[in-house]
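Architecture at a glance
Each chain, written out:
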Amino acid sequence: MDRFTMRSGLMVAVLAAFVLAGCSSSKTKTEESEKSSEVTPGSAVPAGGAEKAEGGESVVAVTPANSVEGIWAQIESEQAKLSTTIQNGQLKDVHHLAFGIRDLVGALAVKANEATPAGATRLNGMVELVNESAAKLDELGDAGNLSGTQAEFAKLEAVLSAIKSATGAK
C-alpha cells in the first residue's frame, strides 16, 4: 500500500469518527453505555426509543448496521422517510433525517473503503457532497423553504444513487 492510500484510509476513519459523533455529541458516555439496544439492518429506530433534541423535539438515533448492504438498507429507509416528510411539508423534521442519512453515509464509506480502498477518493468526495447537502437541507427546512428543500433533496438523491453504484450496494 502506498502512502497516499494509507493516508486516505486514515483520513476516512477520522472523518467517519467525527461524522458518527455528529448530532449526538451532547450525549454523555454514561447515556451511551446505558443504551444497549441494537438496531436491526433496515431499521433506524433503536429499541430504547428516541432522544430529545435542543427544542425538545424527538430525534431518532441511527445506529449503522455491520455491512455495506445493511447500512444501505438503512439509508434507503431514511431516504423514504425524508421524502415523505418533505412531501407532507414537515420541514422542521427535515434536518434530523438529513443528518441521519449523512451519518449513515459516513459509516457506509468506512465499510466500503475497508473492502475496496481503490475507490476511496471518489467515495470520500461523494460523502462530502452528502455532508453539504444535509447542511443545506437543515438551513432550507428551518427557513420553511419547501421548494428549496425539494430541490436540494433531489440533489441528495442523485448523490445517493451514485454512492449506491460506487459501493456496489444492491
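What counts, and where the lines are drawn
Residues numbered from 1 in each chain as written. Predicted model: local features only at pLDDT ≥ 70, side-chain atom pairs only at ≥ 80, totals over all residues. Heavy atoms only, no water. Axes fitted to C-alpha atoms, helices over the stretch in contact; angles between N-to-C directions. Helix = DSSP H or I, 4+ residues; strand = E, 2+ residues; numbered from the N terminus. Parallel < 35°, antiparallel > 145°, perpendicular 65-115°, else oblique. Left-handed = near helix turned anticlockwise from the far one by under 90°. Contact = heavy atoms within 4.5 Å. Nonpolar A, V, L, I, M, F, W, Y, C, P; charged D, E, K, R; others polar. pLDDT = per-residue confidence, 0-100. Expected span 1.5 Å × (residues − 1).

The subject of this paragraph is the packing of helix α4 (residues 94-115) against helix α6 (residues 146-167). Two packed helices can be described by the angle between their axes and the distance between those axes. Where α4 contacts α6, the axes come no closer than 12 Å and their chain directions differ by 15°. Put simply, α4 runs roughly parallel to α6. Here α4 runs over α6; the crossing is left-handed. Taking contact as the criterion, the partners of Val94, Ile101, Val105, Leu108 and Ala112 in α4 are, on α6, Thr149, Leu156, Leu160, Ile163 and Thr167. Of the residues contributing to the contact of α4 with α6, the split by class is eight nonpolar, two polar and no charged.

Detailed reading of the predicted coordinates is not advisable wherever pLDDT falls low. Counting all residues, the mean pLDDT for the chain is 74, and 64% of those residues have values of 70 or more. In this model, residues 1-60 is a region of pLDDT below 50 whose contacts with residues beyond four sequence positions or in other chains number 69 contacts.

In this section: α6. The end-to-end C-alpha distance of α6 is 31 Å, a good match for the 32 Å that 22 residues give at a rise of 1.5 Å each. Along its buried surface, α6 packs onto α3 (68-87), α4 and α5 (120-143). Downstream of α6 by one or two residues, Gly168 has phi in the positive range, about 75°.

Right, let's talk about the packing of α3 against α4 for a bit. Between α3 and α4, the least distance of the axes is 9 Å, while the angle of their chain directions is 160°. One way to sum up the angle between α3 and α4 is to call them roughly antiparallel. Like other packed secondary-structure pairs, α3 and α4 cross with a definite hand, here left-handed. Two secondary-structure elements touch here, α3 through Val68, Ile71, Trp72, Gln74, Ile75, Glu78, Gln79, Lys81, Leu82, Thr85 and Ile86 and α4 through Val94, Leu97, Ala98, Ile101, Leu104, Val105, Ala107, Leu108, Lys111 and Ala112.

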